[in-house]
Structure formats: C-alpha cells, structure tokens
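Report on the structure
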Amino acid sequence: MEAFYDWFRVLYETTGINLPFLYDSYDRDRMFFGFFMTIKLSLVCLFFSIIIGIIGAWLQNSPFKWTRRFMNGYIQLFRNTPPLVQLYFFYFAISSLLPTVSNGYGGQQPILGGFAWAAISLSFFAGAFNVEIFRSGIEAVPESTIEAAEALGFSRLTIYTHITMPLAIRVALPALNNNLVNLVKTTTLAYAIAVPEMLYEANQIWSDNVNVTEMMFFLLLVYFGLVGVLVWGMNSWERKLKLPGFGA
Amino acid sequence: MVWTDTDPMVSIKDLHKSFGALEVLKGVSMDIMKGEVICIIGPSGSGKSTLIRCVNALNNFQSGSILVEGQEVNDPDLDKLELRKKVGMVFQQYNLFPHKTAIENIMMAPLLVLKDKKEDVEKLARGLIKKVRLEGKEDSYPGELSGGQQQRVAIARSLAMNPDVMLFDEVTAALDPETVNEVLQTIRDLAEDGMTCILVTHEMGFAREVADHIYFTDRGVIVEHGPPATFFDAAKDPRTIEFLGQIL
Ligand SMILES: Nc1ncnc2c1ncn2[C@@H]1O[C@H](COP(=O)(O)OP(=O)(O)O)[C@@H](O)[C@H]1O
Ligand SMILES: [Mg+2]
C-alpha cells in the first residue's frame, strides 16, 4: 500500500500531476470523509424521498379536498423552484425561525446542522417528483385488477400493499431511476451550505494544493462511478421485477 | 328468520340500479336455489354485468333487495368480507394478479383474507390446479399463459375461497374459439359437483346444456325466463325471438 501511495508522490515529482489525496494521509482522510458524506447524504435522501413519494401518492388520492390541494401545492412549489434556492430557504429562512439550543460552550447553535437541512431539503425536492412518479404508476394499475381483489374479499390496505404498490412500482421504476440519479447528482448542492461532502472536501484540497485541474478530473470520475453503480443497481432491480406481459 | 338451504341461495327482488340519470336495472327479480345453475342472456348493455356485480356488492343499488343466504346485501352495515367469502366471481378479462404465479394467484386470498396456514393453502391450491387441469403451470406467470389457461386459474383462484355461489360474467367472451371449450368444461365440472352458479353467457349451446333456468334481459328488465327446453324452443316474447334468431 505504501508503495502504491509513494508511486503517486513520484508521479507528482516527475510530471507535476498532483493527486495529494492519494499520497498524503491528511488529504486522503479528507477525501474519504467527503466521499462517505456524499454516500450518506445520498442514501438518506433516497430513503426519505421514496417515503415522501409513497405517502404523498397515497395522500393525493385522499377523499379530503384540502389534503389533495396541499399535496398539489407542495409538488408545484418544489418542482418549480431551483433546488439551490430551496436549500438556502431551509438553511437560512426556516432554520432562523426555529429555536436554538446551547452548544455546550456557553453559546447558542441551531437545532439542525447543515447535513440535516441538506437531507430535508433534497428529500422534499426529489420527493415532489417521486409523488408524481408513484401516482402515475398507481394510475396505471387497472381498476379491474383491483376489483378482482375486492371480489376475493381483500381489504383496502391489503390491496394497496399487495396489489397496487407492487404493480405501480414496476410501472414507475424507469422514471424513478431517472429521478434518483438526479438526486444523487444534486447532493453536490450541499456544498453551498458547507456540508463536508465530496465536492466540498475536494475544494478544500484544491485550495491547499492548487491542483484544480486534477481534482476536477477526479470528481467527474468518482461521480460517474457512483451514479454508474446506482444505475446498475436500479436496472438490475428493474430486470428482476420485470413481468411477462405486464408493462412496457 | 334463519336461512336454511331450502330457501333460495340468492334472492333478488325488484332490483333498481342507476348510474347517475341512467337507469340500468328497472326492477329485476329472480331466485336461485342451492345447486342451481342459471344463465342470464341478453343484448350487450342490457345490464347483465351490473346485475351480477350487485350480488357481491361490487356495485351498489338504489332500491330493492338481494339476499345471499338470507343476508341483505343492501344493508349499510353489510360486512362485505363475509359476503365475498360466500360469493366468488370470475370476470371476462380474467383479471389475474400479473405479479404472481398461477399458484400464488390461487393462494393469495386464503392466505391474506382467511389467514389460513400456508401448508394447508398450498395443498388446497395444488388440488385446485389439478381440478382445472393446469398441472405443470403452477409457476407460470399470467403473462405466460393463454387466455383459456388464465381464465381457469381465475376460476381456481375464486374457488380457493370455498364460495357457496359463483358468478361468471361472460368468462369465455374474450377467448379464442379453440380455448372456449376448456373453460366451459371447467364450469361444467363445477356445475356437476353441485356448485350454485350464476352465469352471464353468449354460449347458447352451453346454456341449454348446463342451465336449470334461463333469464333473458333487455334494457334492464327480465323479458322472459324458463327452463332451457321451453325457453329455447317456445319463446313467446318477440324480443326474445329476435335475439335468439340473431345469435343462433
Ligand atoms: N360504472 C358505470 N358507470 C356508468 N354507466 C355504467 C357503468 N357500468 C355500466 N354502465 C352502463 O350500464 C349499462 C349496462 O351495462 P352492463 O351491465 O355492463 O351491460 P351488459 O353486461 O349487459 O352488457 C350500459 O349502458 C353501460 O354503459
Ligand atoms: Mg357485461
């Protein structure tokens, strides 16, 4: 391993191609930290945006007019505003309206930090799209299939969990795939509120080492790989769920 | 009054049903005894589907009464689950659950609705597969089966709930001519086993052979009814004669 690291030091000394996060343990730690922060933020946002999508799609079919209106308002607001503005809105506006807590050193700090706000903001952003995606999936489930389940005595909840959702997911998967890829890419916005994710840490490194070009190449490759893994996972899930004679 | 099996299994009295301003059923009455097979025939749009969908409460209705084993379907406190345990239904378009294999389709309702034990349900399902002559197709998805095979799975799925009455709504109408017979044979077997059946059908030869009683509906009323011999050979109403003339 040390030889591997040293090779990059030699590379730098002989060619000027500077990849300090490979030979310098301090920069390496920063890069790893950023990488895992990006993964963590992505996973949290993927999870909550899907939950928001499922619950939201269910609420959109609510018998209460105001519930439906509220959901539509939420979707329109989050689809038709820039995600960076949403992030700032949460981090600066909402956060300032919330009470603060003692930070243990005699000062006050906001209840939620940057990571939490990024997770909330991005989950709502992607969630708004997920609601629409799940809803179109649910609408694609034939009424007659639901009726067959009713005729067999299935309860509303059983129909939703065992018939509607499994079929809706299959219809929704390609669009969901797309939106989740977008979400992972959008996590870089957390940089703007100083969440130490990968882009942020890379910035720290290029500020210290003046190696912007190398860092940009590196970032592009890592995101390409990261999104590639997600796409591969989603595609194999899609293939696994594929049914003969159902859907496209 | 307690229902016994010398009373009609299904008793329909002066049934009126409208969709908005459109009155589809204008006072329909009929009694079906245990073990009887009755066929409802009539032109398209005359309200045949609507009629049998009222029996298992897939449609509501405005006035009149339907008693299933003495239980009033029009009761606002009706336990639909109890009703649907007694009444099985098979649809024109099969309406199988596309994400479940043939045997899973059959097992689903006993597992999820009756909460029966998995081993028992599996045994039951294998028996039913045999009964509808689909051995070897247990693990096929609906999309991998022909129309006739799917329809036989649908019949088995309904039988798995061990109903007392079966409703069949033009179950061969969507099938290729060569597969119609395999489905009719399955229904014939059922009728011979003593299952109470209400069939909507355009298969006149089959109706004549299996039915104990034939009802002819037109524009929401029963125009004429009787045992097959009198109905087919000595129809009196001009509408019946015209319909039979067209179809035979
Ligand atoms: N859900 C519904 N909403 C409005 N009209 C309906 C509905 N279902 C059936 N109808 C109408 O009721 C009439 C009878 O339909 P149906 O019972 O399906 O006839 P059949 O099965 O004899 O062909 C038709 O005119 C049809 O358009
Ligand atoms: Mg019909």
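A brief structural summary. Owing to the predicted nature of the structure, the values given are computational and were not obtained by experimental measurement. (Residues numbered from 1 in each chain as written. Chains lettered and ligands numbered in written order. Predicted model: local features only at pLDDT ≥ 70, side-chain atom pairs only at ≥ 80, totals over all residues. Heavy atoms only, no water.)

**Here we look at the overall build of chain A**
Our working rule: Helix and strand definitions here come from DSSP, where helices need a minimum of 4 consecutive H or I residues and strands a minimum of 2 consecutive E residues; each element is numbered from the N-terminal end. Radius of gyration here is computed from C-alpha atoms only, and the compact-globule reference equals 2.2 Å multiplied by the residue count raised to the power 0.38. Residue exposure (1.4 Å probe, protein chains only): buried if accessible area is under 20% of the type maximum, exposed if over 50%, otherwise partly exposed. Whether two residues are in contact is decided by their heavy atoms: any pair within 4.5 Å suffices.
Per the secondary structure count, chain A includes 10 helices and 2 strands. Along its sequence from the N terminus, chain A presents helices and strands in the succession α-α-α-α-α-β-β-α-α-α-α-α. Against the 2.2 N^0.38 benchmark of 18 Å for 248 residues, chain A shows a C-alpha radius of gyration of 23 Å, more extended than a compact globule. The dimensions of chain A, computed from C-alpha atoms along their principal axes, are 75 × 50 × 30 Å. Split into buried and exposed, the 248 residues of chain A put 44% on the buried side. When contacts within chain A are restricted to residue pairs at least 6 apart in sequence, long-range pairs at least 24 apart make up 70% of them.

**Observations regarding the overall build of chain B**
Rules: For accessible areas, the Shrake-Rupley method is used with a probe of radius 1.4 Å. Any residue's cover is judged against the shown protein chains and nothing else. Charge counting treats Lys and Arg as positive and Asp and Glu as negative, with His and both chain ends excluded. To locate a charge, the coordinates of NZ of Lys, CZ of Arg, CG of Asp or CD of Glu are taken.
Counting its regular elements, chain B contains 9 helices and 10 strands. A compact globule built from 248 residues should have a C-alpha radius of gyration of about 18 Å, and chain B, at 18 Å, falls within 12% of that. Its C-alpha atoms give chain B principal-axis dimensions of roughly 50 × 45 × 35 Å. In chain B, which comprises 248 residues, the proportion classed as buried is 54%. The contacts of chain B with a sequence gap of at least 6 include a subset with a gap of at least 24, amounting to 63%. Total accessible area computed for chain B in this model is approximately 10800 Å², and 48% of it derives from carbon and sulfur atoms. Taking the 27 positively charged and 38 negatively charged side chains of chain B as two groups, their mean positions are separated by 3 Å.

**Re the nonpolar core**
Our working definition: The nonpolar core is taken to be a set of buried Ala, Val, Leu, Ile, Met, Phe, Trp, Tyr and Cys residues, with the residues joined through side-chain atoms within 4.5 Å.
Core analysis: the largest hydrophobic core is formed by 88 residues, its most contacted members being A:F154 and B:I66. Looking at which element gives the most residues to this core, the answer is helix α8 (residues 156-186) of chain A, with 14 residues. When sequence neighbours within four positions are dropped, the list of residues in contact with A:F154 reads A:A149, A:I159, A:I163, B:F97, B:M108, B:A109, B:L112 and B:V113. Core analysis: the next-biggest nonpolar cluster, separate from the first, contains 49 residues, B:I103, B:I106, B:V132 and B:V223 among them.

**What about the sheet that holds strand β7 (residues 165-169) of chain B?**
All names here are of chain B. Our working rule: What makes two strands pair is DSSP finding at least two bridges between them. Angular values range over 0 to 180 degrees, each being the angle between N-to-C directions of two axes fitted as lines to C-alpha atoms, with helices fitted over their stretch in contact.
Read across the open sheet, the 6 strands follow the order β6-β7-β8-β3-β9-β10; overall the sheet is mixed. The sheet is open, and its two edges are formed by β6 (87-90) and β10 (221-226), each paired on a single side. Pairs of neighbouring strands in the sheet enclose a mean axial angle of 20 degrees, with direction left out of account. Two strands pair when backbone bridges link them, and strand β3 (residues 37-41) and strand β9 (residues 213-218) are joined in this way by 4 bridges, in the parallel orientation. Counted as the bridge partner of I40 is Y215 from β9.

**Observations concerning the pairing of strand β4 (residues 63-68) of chain B**
All names here are of chain B. One ladder, built from 5 bridges, connects strand β1 (residues 10-19) with β4; its direction is antiparallel. Paired with K13 across the strands is S65, a residue of β4. Linking β4 back to strand β5 (residues 71-72) in an antiparallel pair, the connection comprises 2 residues, with E69 at a positive phi of about 50 degrees.

**Here we look at the site of ligand 1**
Residues and elements named next belong to chain B. The condition that has to hold: Any residue with at least one heavy atom within 4 Å of a molecule or strand is counted as near it. Two N or O atoms form a polar contact when they lie within 3.5 Å of each other; inside protein one atom must be a possible hydrogen donor and the other a possible acceptor, and for residues adjacent in sequence the pair counts only when both atoms belong to side chains.
Near ligand 1 you find F19, L22, V24, P43, S44, G45, S46, G47, K48, S49 and T50, and these make up its full shell. Note that an oxygen atom of ligand 1 is positioned 2.7 Å from one of the side-chain N or O atoms of S49. One nitrogen or oxygen atom from the side chain of T50 is found 2.4 Å from an oxygen atom belonging to ligand 1. A total of 560 Å² of accessible area belongs to ligand 1 in isolation, and the protein chains cover 57% of it.

**What about the sheet that holds β5(B)?**
All names here are of chain B. What the 4 strands build is an open sheet, ordered β2-β1-β4-β5; its pairing is antiparallel. Unpaired on one side and paired on the other, β2 (22-32) and β5 mark the two borders of the sheet. Along the sheet, helix α1 (residues 48-55) makes contact with β1, β2 and β4, crossing β1 at roughly 120 degrees.

**A few points about the pairing of strand β8 (residues 196-200) of chain B**
Residue and element names in this part refer to chain B. Worth spelling out the cut-off: A clockwise path from the first strand over the helix to the second, with the strands pointing away from the viewer, defines a right-handed crossover.
Of all the 5 residues making up β8, 5 are buried; the element is thus mostly covered by neighbouring parts of the structure. Here β8 shows no split at all, with T196, I198 and V200 on one side and C197 and L199 on the other all buried. Two strands pair when backbone bridges link them, and β3 and β8 are joined in this way by 4 bridges, in the parallel orientation. Bridging from a neighbouring strand, C39 pairs with L199 of β8. Pairing of β7 with β8, which is carried by 5 bridges, proceeds in the parallel orientation. In the strand pairing of β8, D169 is matched with V200. Remark: the β7/helix α6 (residues 177-192)/β8 crossover connection has right-handed handedness.

**What about the interface of chain B and chain A?**
Just so we agree on the cut-off: Throughout, the accessible surface (probe 1.4 Å) given up by two parts as they are put together, summed over both, is called the buried area. Definition used for salt bridges: Asp or Glu carboxyl oxygen within 4 Å of a side-chain nitrogen of Lys or Arg. In this classification, Asp, Glu, Lys and Arg are treated as charged, Ala, Val, Leu, Ile, Met, Phe, Trp, Tyr, Cys and Pro as nonpolar, and every other residue, Gly included, as polar.
On the chain A side, the residues contacting the 23 residues of chain B number 20 residues. The three residues of chain B that bury the most area against chain A are B:F97, B:P98 and B:H99, which together make up 30% of that side's buried surface. At the boundary of chain B with chain A, the tally comes to 1 salt bridge. Contributing elements (two or more residues each) for the side of chain B that touches chain A: α2 (80-86), β6, α3 (102-112) and α5 (147-159) of chain B. It is α3(B) that contributes the most residues to the side of chain B that touches chain A, 3 residues altogether. Classifying every residue of the side of chain B that touches chain A gives 14 nonpolar, 5 polar and 4 charged.

**Description of the pattern of salt bridges**
Here the structure, examined in full by the defined rule, presents 17 salt bridges over all chains. Across the pair A:R30 and A:D27 runs a salt bridge whose closest N-O atoms are separated by 2.9 Å. Highlighted residues: A:R30 and A:D27, both in helix α3 (residues 25-60), separated by 3 residues, approximately one helical turn. Across the pair, A:D27 and A:R30 agree in class, each one buried. Here the salt bridges share partners, and the residues they tie into one network are B:D218, B:R219, B:D237 and B:R239.

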